[in-house]
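Report on the structure
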Amino acid sequence: MSPQNTFQRKILYLVGIVVLLTLLSVLGRPATRGTEQAQDSPGGYLAQLRQKSGLSQAELGQIDPTSETIKLATFGMRGVAANILWEKANRYKMKKDWTNLAAAVRQIIKLQPNFISVWIFQGWTFAYNVSVEFDDVRDRYEWVIKGINFLKEGCQYNQHDPRLRWETGWTLSNKIGNSDERRQFRSFFKADDDFHGDRPLAERDNWLVAKSWFRKAERLVDEYGVKMKGQGPLIYRANAAKCQMSYAEAIEDDGVFGEVARQAWKTAADEWQEYGKIDLPGFGGVVIQLNDLEEREATAEKLSREMDALQEGLRGQIREEKKKTLELTNAQREAWETPPAERDTAQMILADEVEQLLKVSDPEVARRITGPARKQAQELAKRSAANEAVALAIRKARQIVNFEYWRMRAALEQLDDTLAARELVYDGSQAFYDGDLDTAKRTFEDGLAAWRKVLDAYPEMLADPTAGDDLMDVIERYRQILELRDEQLPKNFVLQDVIDRYANRE
Amino acid sequence: MVIEYAIVPFLEWLSTSFVYWLMILGGVVAAALIGSWLVVTLRHGPVVAFRCVGRVLSDTVVDLALIAPRRVLAMAWLAVKESIRRRVVVVFAVFLVLLLFAGWFLDPASSEPARLYLSFVLTATSYLVLLLALFLSALSLPADIKNKTLHTVVTKPVRPSEIVLGRILGFTAVGTVLLGIMALMSYVFVVRGLSHTHQVADADLRAVEQIDDGEPAIRQGHSSRVHKHRHEVTVDASGGVRVELEHGHWHDVSAGQSAGETVYQFGPPRGRLVARVPVYARQLRFKDPTGEDAEEGVNVGDEWGYRSFIRGGSLAAAIWTFEDITTDRFPKSSFPDGLPLEMTLEVFRTYKGQTDDPKTIPGILGSLSVGDPKTGKPIEVRLFTAKDFATDVQYIPRQVETPDGRKLDLFKDLAPDGRLEVWIRCIQPMQYFGMARADVYFRARNAQFWVNLAKGYFGIWLQMVLVIGIGAMYSTFLSGPIALLATMGTLLGGFFSRFMGDLGAGAVMGGGPIESLYRLVTQKNLIQDLEPGLKTTVIEMIDHVLEYGLWVTSSLLPEFDRFSFSEHVAKGFDVSGNLAAQCALRSLAFLIPVFVAGYLFLKTREVAR
């Protein structure tokens, strides 16, 4: 190769380097904040893309020198390093080497602090999988808190991620509040100065702290438009209000009644009401608000009535025609012919099926109307169907979150009679644990009588299976007390209707 | 501490291992002689070949027998000078940088920070020193041959055996000095990293118990929070201070005055850097729930089958047989409370138990007994509440009372020949205790921590010497980079030799190398059987051959991880003389043939003649 060729090649390389560096400089120019003399600059294309996708470290969360160092030290092999560490962590977990497991996990998150699934998975590992391996309940609590603190740390590294906040709230609520060891966990949690810092004693309740984390997650979704992957708003928007309900339940389990309990339930009722006002995506692509069901049903009914007025008797006529042509099974016919009050659960379902078959929809009526009223009828049918579709979506959504039960529950738990009933049952249980069966029996009977009053005031409570099961627990405890006294439930037992309805329910 | 392989008594190990070693060595020597004879036969005929082989053998014996220490030392000194010329001190710089930044990644607030710190320094030192040994030993001789500097050496009256031995010793000396300094730095790093103190002021203590009117109360409180933990502090009526164990340590406390208030100042942490000397049981056996002998207990579904479980509320028992339990070993002056038995049992509950008390859930009760050699039955010593994932200490009294009121002497009546049986049962029905042989031991004494750390570094030293030996051997007949790769391959193979052995024995799920590759490519899981047919037969046949090769290779490679004592040191267990001696001899057993092979390879090279 001649010296001239070599020289030309070097020049070409030089030009290439200059072009590439210039391009890189233009594309990668960082964003700058404006000053008095100069305006804000969005930076080069890469900086703008990073900003748009929220990918810069400062955007993602806390910048940790340790994490940055370890990332640099792996020379771009951090994926491989994380993989090896993950494998090690699995081995440590299998061999129950908790110290090394925690150390390996810490190294993984230093390598990949913005990998959300790692935080969620390992937070769960600590709080759920490792904690149960320990026999001493204090050790178990320690690992639950380790898991929660781990998730909280993840939130610092990922300031816009709602899932980590939600997971933190979930672990605080579900693991501390619903475990078999919830009594111990809740009492340890209250006394945990290291976790709470200067949080007032009254607010040191796992359900209230969890509620604040669920609210944080919601705020991130609202403020930054970040999606809560894997969950619909119907569910995650309900969590905070449900935490308030659980808080009210939990303090009553702890023996706190009176105004404190009433206020807790009132807050719960208000928050549930607020939850019912949120726009939610519903079944069939409609936007719903859970509180709107009654209004939507009333509007649909009003529109139906208006249509019926256009040609009176037409709906009845169509229904009669359907009756004649409808082919029912023997079971369906028997269920339908049984008076509603005498139907059992299976018959109720069958009778409902028959009613659905016989139901005459507004579009069916509109199609049969002729003459000048036909256009108006079609318009009414369209509006009615739209309302009906929203109502249907709300009904389905309400079923999913048991909306009506919790609304009714939050309302009736504030009543004097309910508060009294719960307090008496609690006192009776305490007397039972203390072995004072006389007091236990007497107090329970007062409590059951108070429940009778509540049921009479809110008969719909009896229809709700969840409430029915709760009452059956109370009755079972009362039956236990009687058995220990060689007695049986009296024939005219005050909550016999509850037993009749729920004793043999599967 | 988890010990997954049994450490047998030294003499027992030596008798079997020595025979095994002789057999393998004999096999290798025989194969080498026959191979050499065959090769020469092909070129010069069998008689000449026989003569050649005989001559090499006799020369070898002479060369090895007449090794002059003076010349070996001169060669070693050359190796030392070469190492210094190659700036081995760079390793220090790397080690220092590692130590400087290690504090960022090690969490002193962990529940066992000593373990993390010790594991780190031992592992970091091990990697650095082994790498250094690798480069020094594998590249030195080929570079000398390439630069012809070796010619100036071989023209002197020096034997090839002395050249090889000199290199090994020289590099070992350099490595030893480096390792010694690194050990010292590590010790300072660990002690400083774990060091912390707390404070507690009088005002932080609250009275919890009024002893008598006018008498001061017992006061309790918490110390200041350092390294994410606090200690519960109790000050009694006489001013005595007790600090509760937290994160595996406690502190001595001294009281002082500050601004007219009593302030309790904590000393450095104690109980973290320890070296327990355990007396492990010779054997662990089991009784099943009906009281019959069983080989092992129940598997409660753990993926890791290290521990066996016994059922509570039944006749199931775990029985440890200890030997050499004598008054000389456990004199009354040192063990006034009885013999300290340390236990790390695992608890498996099939139901949660009583969960009504908001403060606690009762633990699972167990019974601790000693075996009566006359009746073969256990005599209960005490009941205990099991603590899992923690070391629980129970004392076995020197005098044990039988149910019928007789008092038996532990040493004379229950362990007349030093053999003592310890029985453990789980009392509560439907709950289980899990145990392995090393989970229960007598703590004979505490050894010095720094001595134990030194033993940990001795393990690394053994690994280093082996790598130097292997590297020097390869460098006698391979070029530098190839010798480096070969030594690295041997090192890696040594670390995975147990896995290779398992693979060779067909004990690994998923089949041999070809079957594993086939499963990877076709995305078949490990459980799924391969469909019968020619393809599977061919795969299995090739695998059989490869597995045999793997088995032979794994038998010849040194198990490098066996030389590591870091687990013992990090977990606070003394490295026994027995274990250290076994490893030292095992290392020597590899070094001797490696040195002889190195000598023979060098001898056959043109440059050395």
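Residues numbered from 1 in each chain as written. Chains lettered and ligands numbered in written order. Predicted model: local features only at pLDDT ≥ 70, side-chain atom pairs only at ≥ 80, totals over all residues.

Quick notes on the overall build of chain A
Cut-off, in case you're wondering: Under the DSSP-based scheme used, a helix requires at least four consecutive residues in state H or I and a strand at least two consecutive residues in state E, with every element numbered from the N terminus. For this measure, only C-alpha atoms enter the radius of gyration; the expected value for a globule follows 2.2 Å times N^0.38, where N is the number of residues. Working definition of burial: number of other C-beta atoms within 10 Å of the residue's own, with buried at 20 or more, exposed at 12 or fewer, and partly exposed in between, all C-beta atoms being placed from the backbone. Residues are defined as contacting one another if the C-beta atoms placed from their backbone atoms lie within 7 Å.
Scanning chain A for helices and strands turns up 27 helices and two strands. Here the C-alpha radius of gyration of chain A, 32 Å, is well above what a compact globule of 506 residues would show, namely 23 Å. Across its three principal directions, the C-alpha atoms of chain A cover 110 × 80 × 50 Å. Residues classed as buried in chain A amount to 33% of the 506 residues present. Across chain A, contacts joining residues at least 24 apart in sequence account for 63% of those joining residues at least 6 apart.

Looking at the environment of A:Thr22
Looking at the secondary structure, you find A:Thr22 in helix H1 (residues 3-28). Separated by 462 residues in sequence, A:Thr22 and A:Leu484 place their C-alpha atoms 90 Å apart.

Side note on the sheet that holds strand S1 (residues 199-201) of chain B
Residues and elements named next belong to chain B. We count it as follows: Only strands that DSSP links by at least two bridges are regarded as paired with each other. For helices, the axis comes from a line fit to the C-alpha atoms of the stretch in contact; other axes are also lines fit to C-alpha atoms, and the angle between any two N-to-C directions lies between 0 and 180 degrees.
With antiparallel pairing, three strands are arranged side by side in an open sheet as S1-S7-S6. Of all the strands in the sheet, the pair left with one neighbour each is S1 and strand S6 (250-258). Averaged over all pairs of adjacent strands, the angle between their axes in this sheet comes to 25°, without regard to strand direction.

Let's talk about H1(A)
Worth spelling out the cut-off: To estimate the expected span of a helix, subtract one from its residue number and multiply by 1.5 Å.
The end-to-end C-alpha separation of H1(A) is 37 Å, in line with the 38 Å expected for 26 residues at 1.5 Å each. Judged by how many residues are buried, H1(A) sits mostly at the surface: zero of 26 residues are covered.

Structural notes on unusual backbone geometry
Positive phi values are uncommon outside glycine, yet B:Lys228 reaches one of about 60°. Assignment of secondary structure puts B:Lys228 in the loop between strand S3 (218-222) and strand S4 (232-235).

What about the confidence of the model for chain B?
Our working definition: pLDDT measures how confident the predictor is about each residue, on a scale from 0 to 100.
When pLDDT is averaged across chain B, the result is 88; 98% of the residues are at 70 or more. Scored as a complex, the prediction yields pTM 0.81 and ipTM 0.82.

Digging into the domain arrangement of chain B
Our working rule: Segment limits for the domains were obtained from an automatic or database-derived domain assignment.
According to the domain assignment, chain B consists of domain 1 (1-47) and domain 2 (277-446). One C-alpha centre belongs to domain 1 of chain B, the other to domain 2 of chain B; they are set 43 Å apart.

What about the interface of chain A and chain B?
Basically, it comes down to this: Think of it as three bins: nonpolar holds Ala, Val, Leu, Ile, Met, Phe, Trp, Tyr, Cys and Pro, charged holds Asp, Glu, Lys and Arg, and polar takes everything else, Gly as well.
Counting residues at the interface gives 20 residues for chain A, matched by 26 residues for chain B. Listing elements by their share of the side of chain A that touches chain B, those giving two or more residues are helix H4 (65-73), helix H6 (98-111) and helix H10 (182-190) of chain A. For the side of chain A that touches chain B, the leading source of residues is H6(A), giving six residues. Here the side of chain A that touches chain B is composed, by residue class, of seven nonpolar, six polar and seven charged.

Considering the pairing of strand S9 (residues 283-287) of chain B
Residue and element names in this part refer to chain B. Pairing of S9 with strand S12 (residues 317-322) involves five bridges; the strand directions are antiparallel. When the bridges of S12 are listed, Gln283 appears paired with Thr321. The pairing of S9 with strand S10 (residues 293-294) spans two bridges and is antiparallel. Counted as the bridge partner of Lys287 is Asp293 from S10. Linking S9 to S10, which pair antiparallel, is a turn of five residues; within it Gly291 sits at a positive phi near 90°.

A closer look at the domain arrangement of chain A
Entries for chain A in the domain assignment read domain 1 (114-275), domain 2 (290-395) and domain 3 (415-502). Put simply, the middle of domain 1 of chain A and the middle of domain 2 of chain A, counted by C-alpha atoms, are 45 Å apart.

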